[in-house]
Each structure stands twice: as structure tokens, then as C-alpha cells.
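Given next are the chains, with one letter for each unit.
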Amino acid sequence: MKKLMHITLLATGVLFSNLMFAQKVQQSQVPSAVTAELHAKYPQAAKVTWEKEKGNFEANWGGKSGEDISVMFTPAGKFVEQVQAITASQLPAAATVYIKTHYRKAKVDEAGKIIDAAGKIFFEAEIKGKELVFDEKGNFVKTEKE
């Protein structure tokens, strides 16, 4: 009985972790509404790779890493957000101060400028496996786990 409980807990943990983290998917697994909206909104997108994150589909392309631009859509093809990779020095000054104050000597692994479906601008900085989110002026908004 104990062994069955451990197996059930392990399986639940694996399933939960797969739902929370981005998973690579093949283009053939992406709904046609999503790919149609991607090509309509971003005709310049080339060599696109796909991930599924929190039930949505994320298209990535551009730059050396192939992820300079990321765009997320719902399975129905509704635009969620766009993230443009930026350097840490391009973060707003207030965000930089926050990072230096709360994460002394920590390196910003990645940074991005986010534009959501409503047109609001945010910034994100990845530090020590966390994503720090800031508003357009650089004020801290929240922390998200990767």
C-alpha cells in the first residue's frame, strides 16, 4: 500500500511539473488557429520553434539563440503577449536599482520587454531561476518561478 502511494505521488508530481514548465512541441501539434494568427501578426517570423506553457502556445524565433522574440497565443489563436529579448542594461533604471538592492552580486541571466494583449509594457529579468517582473517605469510587480 505504501509503495502504491509513493508511485501515485511521484506520478502526480511529474504530471504537475510538466503542466507548469514549458514543453517543446512540434509544429504539427500546434493548432492551425495559432499558426494562422502567428503568420498574420508576424509575417517575418522564420525558423519558429514551439513550446507549450501553462496551456498556451509560445512561438520563438530570431537571434543567435532562436529566442530573441517570443509570442504567446491561447489554443484558440488569441494573442496573449510578446517578449522581445533585451540586454540587462536596457532595463529601466528603477528595475536595475531593485535588482542591485535585493539580489546583490546576482547576474541577470536574461531580460525581456513584454507587451501584453492590452498593449501594456512590462519588463522581466531572470535571476537565479526566478523571473522578476517590472512595470513600464521599472517598479517591481511580482516574481514568477520558471
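What counts as what
Residues numbered from 1 in each chain as written. Predicted model: local features only at pLDDT ≥ 70, side-chain atom pairs only at ≥ 80, totals over all residues. Heavy atoms only, no water. Helix = DSSP H or I, 4+ residues; strand = E, 2+ residues; numbered from the N terminus. Pairing = 2+ DSSP bridges. Axes fitted to C-alpha atoms, helices over the stretch in contact; angles between N-to-C directions. Contact = heavy atoms within 4.5 Å. Buried < 20%, exposed > 50% of the residue type's maximum accessible area, 1.4 Å probe, protein only. Salt bridge = Lys/Arg side-chain N within 4 Å of Asp/Glu carboxyl O.

Peer 1: I'm lost on the environment of Lys-137 in this one. Help?
Peer 2: In this structure, Lys-137 sits in the loop between strand 8 (130–135) and strand 9 (140–145). Sequence-wise, Lys-137 and Pro-92 are 45 residues apart; in three dimensions their C-alpha atoms are separated by 6.3 Å.

Peer 1: Before we go on, may I ask you to explain the sheet that holds strand 1 (residues 23–25) in this structure?
Peer 2: Strand pairing in a sheet relies on backbone hydrogen bonds. The paired strands run either parallel or antiparallel. With antiparallel pairing, 9 strands are arranged side by side in an open sheet as 1-2-3-4-5-6-7-8-9. Among the strands making up the open sheet, the edge pair consists of strand 1 and strand 9. Between one strand and the next, the sheet's axes are offset by a mean angle of 25 degrees, whatever the strand orientation. The sheet contact formed by strand 8 and strand 9 spans 5 bridges and is antiparallel. Bridging from a neighbouring strand, Phe-134 pairs with Phe-140 of strand 9. Contacts between helix 3 (residues 93–102) and the sheet are confined to strand 7 (121–127), strand 8 and strand 9, with strand 8 contributing the most and set at about 140 degrees to the helix.

Peer 1: What am I meant to see in the pairing of strand 4 (residues 69–73) here?
Peer 2: Regular strands place side chains that alternate from one sheet face to the opposite one. Within strand 4, 5 of the 5 residues are buried, which leaves it mostly tucked inside the rest of the structure. The alternating pattern of strand 4 places Ile-69, Val-71 and Phe-73 on one face and Ser-70 and Met-72 on the opposite face, and all of these are buried. Pairing analysis gives 5 bridges linking strand 4 to strand 5 (residues 79–86), with the strands arranged antiparallel. By the bridge assignment, Ile-69 is partnered in strand 5 with Gln-84.

Peer 1: Whenever I open this one, the pattern of salt bridges confuses me. Can you help?
Peer 2: A side chain of one charge can pair with a side chain of the opposite charge when the charged atoms of the two come close. In the structure shown here, the tally under the stated rule is 2 salt bridges. Across the salt bridge formed by Glu-51 and Lys-24, the nearest N and O atoms sit 3.5 Å from each other. Of this pair, Glu-51 sits in strand 2 (residues 49–53) while Lys-24 sits in strand 1, and the two are 27 residues apart along the sequence. Take Glu-51: its relative accessible area is 11%, and that puts it in the buried class. With a relative accessible area of 60%, Lys-24 lands in the exposed category.

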